[in-house]
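Here is what each chain is made of, one letter per residue.
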Amino acid sequence: MGYTHYWKHDEVIKADWRKAIEEVDKVLRRHHGVLQFEYDNDAKPEANDSSIRFNGIDEDGHETFWVSPEATGFSFCKTARKPYDLAVCEVLIILSCLCGFDVSSDGDFDDEWAEATKNVKEHHGFEFTSENLR
């Protein structure tokens, strides 16, 4: 399937989505040089009441990361370890901490997730451990 991150949540997100959007917006701003709406659409990444959506730029994009508070169940995003992968991991950590997402990955916690966990702890104050990555 390729290098992929997976997530699942079973209930429509209500109360914590607004706080998650505030935190995700910080991630998107911090990674502004590698993110846009779609790999071939240079509009700004989206983080609002209806969804979070972004990709890498041009050849540094792969699959679009998209999540909505209304979309329940299992989903995934293949990033192929391209530069926007770090933002995907950081957003998934925030969604795990604030909205109860179950997150798993083809990446190793001590390798591919190390920088993301460090960044989220430093910039957002959320702790994400290897036990959180299923």
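Residues numbered from 1 in each chain as written. Predicted model: local features only at pLDDT ≥ 70, side-chain atom pairs only at ≥ 80, totals over all residues. Heavy atoms only, no water.

**Side note on the overall build of the chain**
Assigned secondary structure in the chain consists of three helices and six strands. Counting from the amino terminus, helix and strand elements in the chain follow one another as β-α-β-β-β-β-α-β-α. In terms of overall size, the chain behaves like a compact globule, its C-alpha atoms giving a radius of gyration of 13 Å where 134 residues would be expected to give roughly 14 Å. Over its C-alpha atoms, taken along the principal directions, the chain stretches across nearly 35 × 30 × 30 Å. When each of the 134 residues of the chain is scored for burial, the buried share is 45%. Looking at the chain alone, contacts between residues at least 24 apart form 62% of all its contacts between residues at least 6 apart. (Helix = DSSP H or I, 4+ residues; strand = E, 2+ residues; numbered from the N terminus. Rg over C-alpha atoms; globule rule 2.2 N^0.38 Å. Buried < 20%, exposed > 50% of the residue type's maximum accessible area, 1.4 Å probe, protein only. Contact = heavy atoms within 4.5 Å.)

**Some thoughts on the packing of helix α1 (residues 17–30) against helix α3 (residues 114–124)**
Contact geometry of α1 with α3 gives a least axis separation of 11 Å together with a crossing angle of 115°. Of the two possible hands of crossing, α1 and α3 adopt the one that is right-handed. Taken together, the residues of α3 that come into contact with α1 (itself represented by Glu23, Lys26, Val27 and Arg30) are Asn119, His123 and His124. For the contact of α1 with α3, the per-class residue count stands at one nonpolar, three polar and three charged. (Axes fitted to C-alpha atoms, helices over the stretch in contact; angles between N-to-C directions. Left-handed = near helix turned anticlockwise from the far one by under 90°. Nonpolar A, V, L, I, M, F, W, Y, C, P; charged D, E, K, R; others polar.)

On their own, these measurements won't tell you what the molecule is for.
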